[in-house]
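If you want the building blocks of each chain, they are given just below.
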Amino acid sequence: MKNIGLITIGQAPRQDVAPILEKYLEGKAGLVQSGVLDGFTAEQVKEYYSPAPGEYVLTTRMTDGSAAVISRERIQSVLQGKIDAMEAAGIRTILLACTGVFPGLHTSVAHLIEPDRIIPPVVQAMLDGRRLGLIGPLPEQEDAMIEKFAGAGARLPFAAASPYTGTEADFRAAAERLKDRADVIVLDCMGYVEQHRQWAASAGVPAVLSNALMGKLVAEMV
């Protein structure tokens, strides 16, 4: 059985996300996991990778289930190193377990699958004139997420609910804020799970789970 590399910007293994992907892979491929923050303590993550003003903000999960807020710019070289290591180990399909935008990532021969390049055009193709709403982990991610889905200067309804610290009440409140302005909601983070999708759909608006969408697409490629 072939292996697919799964690289999280947090710590591996991702016991929340991996089962969703494995469900769709159905034994056709195994997952080899690696994390950008592997081996770091929470204090070290704050010291080395906390965002400075103006940097692209991301949030992710540590192995103990806690959340970490990090800077794309500060992890970029480490992330590329994780990709290089997987490729050197012979893995030829690598999935980035993050929906953030990472300009400049590259491989030599492996196929690098970046969700930010796939999810927005797939969602736009599915909308067929319906209105899109977004739920993302952090309020400060709003502008970057809207730009990714709709372009610079555009506006889309957005609400924040973290997959790592958010409660059922947070997700239901986010859904309520979007329900009159959106016909479809995308949960734009690979950390959301089916329970989050159900809470987000509680207001009667269909909700799309990013990692499930990626799992279905990747499964068709192996």
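Predicted model, so just to flag it, every value in this text is computed and none were measured.

Participant: Can you tell me about the environment of Gly 81, naming the residues and giving the values?
Facilitator: Tracing the sequence through the fold places Gly 81 in helix H3 (residues 72-88). Gly 81 sits in the partly exposed class, given a relative accessible area of 34%. Residues Gly 81 and Leu 105, 24 residues apart in the sequence, show an inter-C-alpha distance of 10.0 Å.

Participant: Run through unusual backbone geometry, naming residues and quoting values.
Facilitator: In the segment running from Ala 12 into Pro 13, the intervening peptide bond is cis, with an omega of 5 degrees. On the secondary structure map, Pro 13 appears in the loop between strand E1 (2-8) and helix H1 (18-25). Phi at Glu 26 is positive, roughly 50 degrees, even though this residue is not glycine. Residue placement: Glu 26 occurs in the loop between H1 and strand E2 (29-35). Glu 26 gets classed as exposed once you look at its relative accessible area, which sits at 63%.

Participant: Tell me about the side chain of Thr 8, residues and numbers included.
Facilitator: For Thr 8, the location among the structural elements is in strand E1. Polar contacts involving the side chain of Thr 8 include one to the side chain of Arg 14, which spans 3.1 Å. Ignoring anything within four residues of it in the chain, the contact list for Thr 8 reads Arg 14, Ser 34, Gly 35, Val 36, Thr 60 and Ala 97.

Participant: Lay out the nonpolar core in plain terms, naming residues and giving numbers.
Facilitator: With 48 residues, the main nonpolar core has Leu 95, Leu 132, Leu 134, Ile 135, Phe 149 and Leu 187 as its most contacted residues. Setting aside chain neighbours within four positions, we find Leu 132 in contact with Val 123, Gln 124, Leu 127, Phe 149, Leu 156, Pro 157, Ala 182, Val 184 and Val 186. Counting 23 residues, the second largest nonpolar core, distinct from the first, contains Val 45, Ile 94, Leu 96 and Leu 105.

Participant: Tell me about the packing of aromatic side chains, residues and numbers included.
Facilitator: Using the criterion set out here, one finds five aromatic pairs in the structure. Relative to Tyr 48, the ring of Phe 40 has its centre 6.1 Å away and its plane inclined at 75 degrees; by these criteria the two rings are edge-to-face. According to the relative accessible area criterion, Tyr 48 is partly exposed, its value standing at 39%. Summarising the aromatic geometry, the rings of Phe 40 and Tyr 49 are spaced 5.4 Å apart at their centres and angled 85 degrees between planes, so their arrangement reads as edge-to-face. The class for Phe 40 is partly exposed, based on a relative accessible area of 24%. The residue whose ring lies beneath Arg 72 is Tyr 56, and the NZ or CZ to ring-centre distance is 3.9 Å.

Participant: Residues and numbers for the sheet that holds strand E7 (residues 132-136), please.
Facilitator: Strand order in the open sheet formed by four strands is E8-E7-E9-E10, and the pairing between neighbours is parallel. Among the strands making up the open sheet, the edge pair consists of strand E8 (158-160) and strand E10 (207-209). Taking each pair of neighbouring strands and ignoring which way they run, the sheet shows an average axis angle of 25 degrees. Pairing analysis gives four bridges linking E7 to strand E9 (residues 184-187), with the strands arranged parallel.

Participant: Quick one: what's the story with the pairing of E2, residue by residue and with numbers?
Facilitator: For E2, the tally of buried residues reaches five of seven residues, placing the bulk of the element in the interior. Note that E1 and E2 share seven bridges and pair parallel. Bridged to Lys 2 within E2 is Ala 29. For the segment spanning E1, H1 and E2, crossover handedness is right-handed.

About the criteria used
Residues numbered from 1 in each chain as written. Predicted model: local features only at pLDDT ≥ 70, side-chain atom pairs only at ≥ 80, totals over all residues. Heavy atoms only, no water. Helix = DSSP H or I, 4+ residues; strand = E, 2+ residues; numbered from the N terminus. Buried < 20%, exposed > 50% of the residue type's maximum accessible area, 1.4 Å probe, protein only. Polar contact = N/O pair within 3.5 Å; in protein donor to acceptor, adjacent residues only side chain to side chain. Contact = heavy atoms within 4.5 Å. Core = buried A, V, L, I, M, F, W, Y, C linked by side-chain atoms within 4.5 Å. Phe/Tyr/Trp six-rings, centres within 6.5 Å; stacked < 30°, edge-to-face > 60°. Lys NZ or Arg CZ within 6 Å of the ring centre and 35° of its normal. Pairing = 2+ DSSP bridges. Axes fitted to C-alpha atoms, helices over the stretch in contact; angles between N-to-C directions. Right-handed = clockwise from strand over helix to strand, strands pointing away.

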